Amino acid sequence: PDWHFELARASGMLNSFMPYVDLGKHGELIELPSHPFFPEWPLRTKLSIVALAERTYMVASSWSRASHAQEVTEQLIRKMNEVVRSSDAKLLVAVLSMSPKSRESYYSFFKNNSIDFKDCVHLHPDAQNPLFTIPEDTHPNGVVNTFWAECLEKEIKRRTEYTS
């Protein structure tokens, strides 16, 4: 939910809209339509208590999805890998930012499912440092994007040398 707050703030609409996937009754992926991430209650732009209540409601209502977020992500990546391989191509997951806690389990998932990935996290400077973010925003700036681009460029060149 945290990145939704930033997206809503940056959008100028004070909300974010995007489709997403979740687990169905039998553990299968289901695609859900785009809808406002935050409820839009009356007086939301006039009273801070209403904005706080919206945020509290949103966090509480999305809590159940957070408990199975990794499973949803893994199923989605598996599906992406199937689609890509059915076109005689290879999926390469670019890992740009990930907590140390998530890193071990996701990397095991990639390896156990024969999914290629490139770790560019170690090249990412301190994300909280204002030298590496866009002013008034939390998005990485050109310095960080250059780190990521160079990391991926090296990996793509390395992979294409074997197929040329």
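Residues numbered from 1 in each chain as written. Predicted model: local features only at pLDDT ≥ 70, side-chain atom pairs only at ≥ 80, totals over all residues. Heavy atoms only, no water.

Enquirer: What should I look at first to understand the confidence of the model for the protein chain in this one?
Expert: Close inspection of predicted coordinates is inappropriate in any region flagged by low pLDDT. With 76% of its residues at a pLDDT of 70 or more, the protein chain has an overall mean of 81. The spread of mean pLDDT over the elements of the protein chain runs between helix 1 (residues 2-11), the lowest at 60, and strand 3 (residues 92-95), the highest at 95. (pLDDT = per-residue confidence, 0-100. Helix = DSSP H or I, 4+ residues; strand = E, 2+ residues; numbered from the N terminus.)

Enquirer: What exactly am I supposed to notice about the side chain of D119 here?
Expert: For D119, the location among the structural elements is in strand 4 (residues 116-119). Within the structure, D119 has its side chain in polar contact with the backbone nitrogen of V121 (distance 2.8 Å). If we ignore the near neighbours within four places in the chain, the residues touching D119 are V95, R103, Y107 and C151. (Polar contact = N/O pair within 3.5 Å; in protein donor to acceptor, adjacent residues only side chain to side chain. Contact = heavy atoms within 4.5 Å.)

Enquirer: Mind showing me how you'd approach the pattern of salt bridges here?
Expert: One pass over the structure, following the stated rule, counts six salt bridges. In this structure, K118 and E155 form a salt bridge, with 4.0 Å as the shortest nitrogen-oxygen distance. With a gap of 37 residues between them, K118 in strand 4 and E155 in helix 5 (residues 142-163) connect regions that are remote in the sequence. Residue E155 is classed as buried on the basis of its relative accessible area, which comes to 7%. Across the salt bridge formed by E153 and K157, the nearest N and O atoms sit 3.5 Å from each other. Residue E153 and its partner K157 are both found in helix 5; the two are separated by four residues, about one turn of the helix. (Salt bridge = Lys/Arg side-chain N within 4 Å of Asp/Glu carboxyl O. Buried < 20%, exposed > 50% of the residue type's maximum accessible area, 1.4 Å probe, protein only.)

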